[in-house]
Amino acid sequence: MSEQEEPTSPAGEVAPAGKTTAAEKPAGKAALAEKPADKAALTEKPADKAGEKPADKAAEKPAGKAAEPRRRFGFFGGRAKPAAPAPAIPAPRTGEPPTKTGKPAETGKPTTETDKPAAESDKPADGPGKPATKDGKPKPGQRPPGAPPDPWTVFAAIPEQPPGRIRRGLRAAGRSLIHEYPLATYASVLLAVLMTWPTLRYPLNTLPQDLADPARQAWQIAWGGNVLIADPVQLWQSNAYFPLVNTYAYGDSLLGYTPFALLGDGPVAAVLRYNLLFVAAHALLALGAYALVRQLGARPTGAAVAAVAFAYAPWRLAQEGHLDIVSAGAIPLALAMLARGHGWSLRYGMRPKHRSAGWAAAGWMVATWQITLGFALGIPFAYVLGLILVALEIAGLIHRVRRPEHKLLDRFLRAPVKPLLGWQLMATNTIGASLFLAVGMVIAVPYLRQPDSPTRLQEIDFFSPPLQSLLIGPAESGIWGAAHETPRASLGWPAEMSLLPGFALYALALAGLAFSVWKLRHRMMLMVAVTLAVVLTLGTNYLGGHYTYLPLFGHFPAAFDQRIPGRLMLWVTLLLAILAAGAVDDFVRRARHLAAQRVPPWPGPWLRLAMLTPLLLVAVEGWNNTAHPTVPQQPAAMRTVNGPMLVLPTAELSDQTVQLWSTSKFEQLANGGGRFAAARQAELRSRVASFPDAGSIEYLRSIGVGTVLLLRDQVDGTSWERAGDIPVDALNIQREDLPDAVVFRLG
């Protein structure tokens, strides 16, 4: 059979494609051995048109290969193209969309299967005369020899590189900045700036509420930073109230703020520092309450309502002049950390998998820092921590007794296989409680050395608020100040007896008793705790205090500042806020279930507004109307005259401003304001009322005061109004006139 003839079967049918007869196989092999196929014949393309046919079939096929079979009917009635193995599909070029078969479209050529050129399928994959595989089929994706590499494979071959340490660190830092608690911190700071406005409007020149206690506490913080660098041993021997000792223990020391006093000096820096800490203390109040309620199991909306209600309760506005009372945010924050460390939640109970000794240790450290701010809030907080430790011991005892053994003695004596807390948490609690007590006892030493007040119990009775005070707002309240002016006038000491926590908070807490995410027994426990806290807040107005307030706080000396029972309103507010959070959380849950039935399932504008209404109500009730008086400018003589000295005029309120002025040099002053050492300061003011005369000069010399500074612009209307014009030659003292003061040197 010649190569020009088409092989057919005996029946006249076309032989199957790719197969040869037995007689043709040797000839094919001999042809391959004798001579390679002609390259020109292999590379020659057939006619593109379906109707045209190459003249010589042998010129198209390489030697040794069987003739391609011929079908009787083509796709359109003509002869079909010879079948060939499918070549590798090249990647499409940029800007050329792929066709249906996955091949890139070529410009000016048809892309359908019927119009495809026959020559494209006749090209071998591995070049002329070199089949890719034994059966002549090309390897998938293989390019002819000498062809440039496919540029798209460069991109496909590049593996994805894992991020480096710097990139991973930046990503982690970025995620940490948008976590729930960083966002809560930003919101707390922003809300604190708004709710305490205009504190930061003129932070260098004004103080919130008045110039009495804020000025003295600004001096206290500055003194702590100064002595920490100069001579830490003399911490408690401040420059005021000369020549008395341990005078830094006159009032809550605010030692926890000492590190902030290392920046800046002088009265202007002290005022700025106080205002910044004042705003930060409000932010910490909200953040601490939010963390605690979230840890107890409430959702963010309920926790936000509880945080705002706790931080900006109306009764707090009467305490804006006491930074030690405002600085209570570490209390709920420490409780939140301790609860997180012990894996406890009010909603879910004890969860051992969530325990963390690190969080428990952090909670004890924050609690210790709170005790360094003062004992007015620190001592009640210590009682609460002690109650928590007792509850843990009782729970551990119950866990030990509830063993499956039958003998009661074995169940009691033998330790359980899995203790309630574990040795790490038990060790952390032991060390943390010991540290808390040790720091508190060290700070308490100078307070115990102060003379006790003989009228301490009478003062507790005087400051004990009546029950109706829980419904009366302070004068500093922007909402209830003017409205409650008449009932407030009936109180013995309105500044410490206006104890309204907010009517919105009352309503939400009552609603929390009816429906809440907290369990019923937990709601009852919270209500009992609220009742006990209210009883303690009333002081001696409930059963005379003999079985409530006095056994817990009546035995402390006057220096520990437990004379004002109304400050326990902090705990009443916190417990009410937890109850309110349960009601708000349940309301949000019901609103979401209602929204899930909508199409699309998303709350509408009115439903969203209803979910935020409790937050708006508690925020509006906390709006302040606090005064921000301007701090008198420091006299230039205060920066040049050395002590020990007495500044005239002297009074209980103005002396606290003098203490603030002394932060430039911290010269020793006989001045000292407030209720501290009241008898001694009263004696001093009475003995120098006629200065300059022989009796007052002799008295000042006897207590070691060698210089008297008379401020001309401050003496109008006082007994020292003409003291700067009296001749002093006969008194054996020296006088120096300065532009703003007169300096008397007693020798």
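Bear in mind the structure is a predicted one, so any value in this text is a computation, not a measurement.

### Description of the overall build of the chain
Part 1: In terms of regular secondary structure, the chain is built from 26 helices and 6 strands.
Part 2: Expressed as a percentage of the 747 residues in the chain, the buried residues total 44%.
Part 3: Nonlocal contacts in the chain, meaning residues at least 24 apart in sequence, comprise 72% of its contacts between residues at least 6 apart.
Part 4: Carbon together with sulfur atoms contributes 63% to the accessible area of the chain, which is approximately 39500 Å² in total.

### Considering the packing of helix α8 (residues 267–296) against helix α9 (residues 300–311)
The angle between the axes and the distance between the axes are what describe a pair of packed helices.
Part 1: Packing of α8 against α9 brings their axes to within 8 Å, and their N-to-C directions diverge by 140°. Relative to α9, α8 is oriented oblique. In the packing of α8 onto α9, the handedness of the crossing is right-handed. Note on element contacts: α9 touches α8 through Pro300, Ala303, Ala304, Ala306, Ala307, Phe310 and Ala311, opposite His282, Leu285, Ala286, Ala289, Tyr290, Val293 and Arg294.

### Re a nonpolar patch on the surface
Part 1: A cluster of nonpolar side chains, namely Leu177, Ile178, Leu183 and Tyr186, defines an oily patch on the protein surface of about 420 Å² accessible area.
Part 2: Considering the arrangement of structural elements, one finds Ile178 in the loop between α5 (165–177) and α6 (180–195).

### Remarks on the confidence of the model for the chain
Part 1: Within the chain, residue pLDDT values average 82, and 77% of them lie at 70 or more.
Part 2: Here helix α2 (residues 39–43) stands out as the least confident element of the chain, with mean pLDDT 40; α8 is the most confident, with 97.
Part 3: Low pLDDT, under 50, characterises residues 1–83; the stretch is placed with 64 contacts to residues that sit more than four places away or in other chains.
Part 4: Scored below 50 in pLDDT, residues 91–132 makes 56 contacts in the model with residues more than four places away or belonging to other chains.

### As for the layout of surface pockets
Part 1: Quantified by volume, the second largest pocket comes out at close to 1800 Å³.
Part 2: In terms of lining, the second largest pocket is formed by 42 residues, of which the most central are Trp344, Val384, Leu387, Ile388 and Ala391.
Part 3: Listed by contribution, the elements that provide at least two residues to the lining of the second largest pocket are α8, α11 (330–341), β1 (344–345), β2 (349–350), α13 (375–401), α20 (520–537), α21 (549–554) and α22 (569–596).
Part 4: The residue makeup of the lining of the second largest pocket, split by class, is 35 nonpolar, 6 polar and 1 charged.

### Structural notes on the side chain of Thr548
Part 1: Looking at the secondary structure, you find Thr548 in the loop between α20 and α21.
Part 2: Among all residues touching Thr548, those that are not within four sequence positions of it are Val535, Leu536, Gly539 and Tyr542.

### What about the environment of Ala670?
Part 1: Its location among the elements puts Ala670 in the loop between α24 (654–661) and α25 (678–687).
Part 2: By relative accessible area, which is 0% here, Ala670 ends up buried.
Part 3: For the pair Ala670 and Leu646, spaced 24 residues apart in sequence, the C-alpha separation works out to 5.2 Å.
Part 4: Those residues in contact with Ala670 that lie beyond four places of it in its chain are Tyr241, Phe242, Met645, Leu646, Arg680, Gln681, Leu684 and Val705.

### What about the pattern of salt bridges?
Part 1: Per the counting criterion, the structure on display carries 17 salt bridges.
Part 2: Arg685 is the partner of Asp655 in a salt bridge, and the nearest nitrogen-oxygen pair spans 3.1 Å. Within this pair, whereas Asp655 is found in helix α24, its partner Arg685 is found in helix α25, the two being separated by 30 residues in sequence.
Part 3: Classification of Arg685 by relative accessible area gives buried; the value is 18%.
Part 4: Between Glu736 and Arg745 there is a salt bridge, and its shortest N-O distance comes to 3.1 Å.
Part 5: Under the relative-accessibility criterion, Glu736 is labelled partly exposed at 34%.
Part 6: It is possible to trace a salt-bridge network through shared partners that takes in Glu459, Glu496, Asp561, Arg563, Arg567 and Arg675.

### Some remarks on helix α15 (residues 423–448)
Part 1: Between its first and last C-alpha, α15 extends 36 Å over 26 residues, near the 38 Å set by a 1.5 Å rise per residue.
Part 2: The principal kink in α15, of about 25°, is found at Val442, preceding the proline Pro446 by one to four residues.
Part 3: Of the residues making up α15, those classed as buried are Leu425, Thr428, Asn429, Gly432, Ala433, Phe436, Gly440, Ile443, Ala444, Pro446 and Tyr447.

### Topic: the packing of aromatic side chains
The way to describe two aromatic rings as a pair is by their centre distance and the angle between their planes.
Part 1: All told, the structure shown has 23 aromatic pairs when counted by the stated rule.
Part 2: Between Tyr241 and Tyr250, the ring centres sit 4.8 Å apart and the planes meet at 80°, which makes this aromatic pair edge-to-face. Comparing Tyr241 with Tyr250, the two get one shared label, buried.
Part 3: Seen from their ring centres, Tyr257 and Trp369 are 5.9 Å apart, and the 75° between their planes marks the pair as edge-to-face. You can see Tyr257 sitting in the loop between α7 (213–230) and α8 and its partner Trp369 sitting in helix α12 (residues 357–373), a full 112 residues away along the chain.

### With respect to the environment of Phe515
Part 1: Here Phe515 shows up in the loop between α19 (503–514) and α20.
Part 2: Phe515 sits in the partly exposed class, given a relative accessible area of 35%.
Part 3: Along the backbone, Phe515 and Gly582 are 67 residues apart, and their C-alpha atoms lie at a distance of 7.9 Å.
Part 4: Residues contacting Phe515, with those up to four places away along its chain left out, are Arg523, Ala583, Asp586 and Arg590.

### Considerations on the sheet that holds strand β4 (residues 707–711)
Strands pair in a sheet through their backbones, by hydrogen bonds, and they do so in one of two ways: parallel or antiparallel.
Part 1: Judged by pairing direction, the sheet is mixed, and its 4 strands sit side by side in the order β3-β4-β6-β5 without closing on themselves. The sheet terminates laterally at β3 (645–648) and β5 (734–737), the two strands that pair on one side only. If you compare each strand with its neighbour and ignore which way they point, the axes differ by 15° on average.
Part 2: Note: β3 against β4, 4 bridges, orientation parallel. Bridged to Met645 within β4 is Thr707.

### Considerations on the side chain of Thr657
Part 1: With respect to the element layout, Thr657 can be found in helix α24.
Part 2: A relative accessible area of 8% places Thr657 in the buried class.
Part 3: Discounting residues that sit within four places of it in the chain, Thr657 has contacts with Leu211, Ala215 and Pro632.

### A short note on empty space enclosed by the protein
Over the atoms a probe the size of a water molecule is rolled, and this reveals where empty space is left.
Part 1: One pass over the full model with this rule turns up 4 cavities of 30 Å³ or more.
Part 2: If you add up the space inside the largest cavity, you get close to 60 Å³.
Part 3: Ala376, Leu377, Pro380, Tyr549, Asp561, Gln562, Ile564, Pro565, Arg567 and Leu568 are the residues that line the largest cavity.
Part 4: Of the residues forming the lining of the largest cavity, the biggest block, 3 residues, is contributed by α13.

### Section: unusual backbone geometry
Part 1: With omega at 5°, the peptide bond leading from Phe242 into Pro243 counts as cis.
Part 2: Structurally, Pro243 can be placed in the loop between α7 and α8.
Part 3: The residue after Phe691, namely Pro692, is reached through a cis peptide bond having omega 5°.
Part 4: With respect to the element layout, Pro692 can be found in the loop between α25 and α26 (694–702).
Part 5: The phi dihedral of Phe666 is positive, around 55°, even though this residue is not glycine.
Part 6: Tracing the chain through its elements places Phe666 in the loop between α24 and α25.

### Things to note about α6
Part 1: With 16 residues, α6 ought to run about 22 Å at 1.5 Å a step, and its terminal C-alpha atoms sit 22 Å apart, in line with that.
Part 2: By the burial criterion, the buried members of α6 are Pro182, Ala184, Ser188, Ala192 and Met195. Angular distribution of buried residues about the axis of α6 spans 160°; they occupy a single face of the element.
Part 3: Of the surrounding secondary structure, the elements contacted by the buried residues of α6 are α5, α8 and α23 (605–621).

Rules of the game
- Residues numbered from 1 in each chain as written.
- Predicted model: local features only at pLDDT ≥ 70, side-chain atom pairs only at ≥ 80, totals over all residues.
- Heavy atoms only, no water.
- Helix = DSSP H or I, 4+ residues; strand = E, 2+ residues; numbered from the N terminus.
- Buried < 20%, exposed > 50% of the residue type's maximum accessible area, 1.4 Å probe, protein only.
- Contact = heavy atoms within 4.5 Å.
- Areas by Shrake-Rupley, 256 points an atom, 1.4 Å probe, with all protein chains shown as cover.
- Axes fitted to C-alpha atoms, helices over the stretch in contact; angles between N-to-C directions.
- Parallel < 35°, antiparallel > 145°, perpendicular 65-115°, else oblique.
- Left-handed = near helix turned anticlockwise from the far one by under 90°.
- Patch = residues over 30% accessible without salt bridge, like charges linked within 9 Å, V, L, I, M, F, W, Y side chains within 5 Å.
- Salt bridge = Lys/Arg side-chain N within 4 Å of Asp/Glu carboxyl O.
- pLDDT = per-residue confidence, 0-100.
- 1 Å grid on protein atoms, 1.4 Å probe; cavity = no way out; pocket = protein on both sides within 12 Å on 5 of 7 lines; lining within 4 Å.
- Points joined across faces, edges and corners; volume = space filled by probe spheres on them.
- Nonpolar A, V, L, I, M, F, W, Y, C, P; charged D, E, K, R; others polar.
- Expected span 1.5 Å × (residues − 1).
- Bend = angle between axes of the 7 residues up to and from the residue.
- Phe/Tyr/Trp six-rings, centres within 6.5 Å; stacked < 30°, edge-to-face > 60°.
- Pairing = 2+ DSSP bridges.
- Arc of directions from axis to C-beta.

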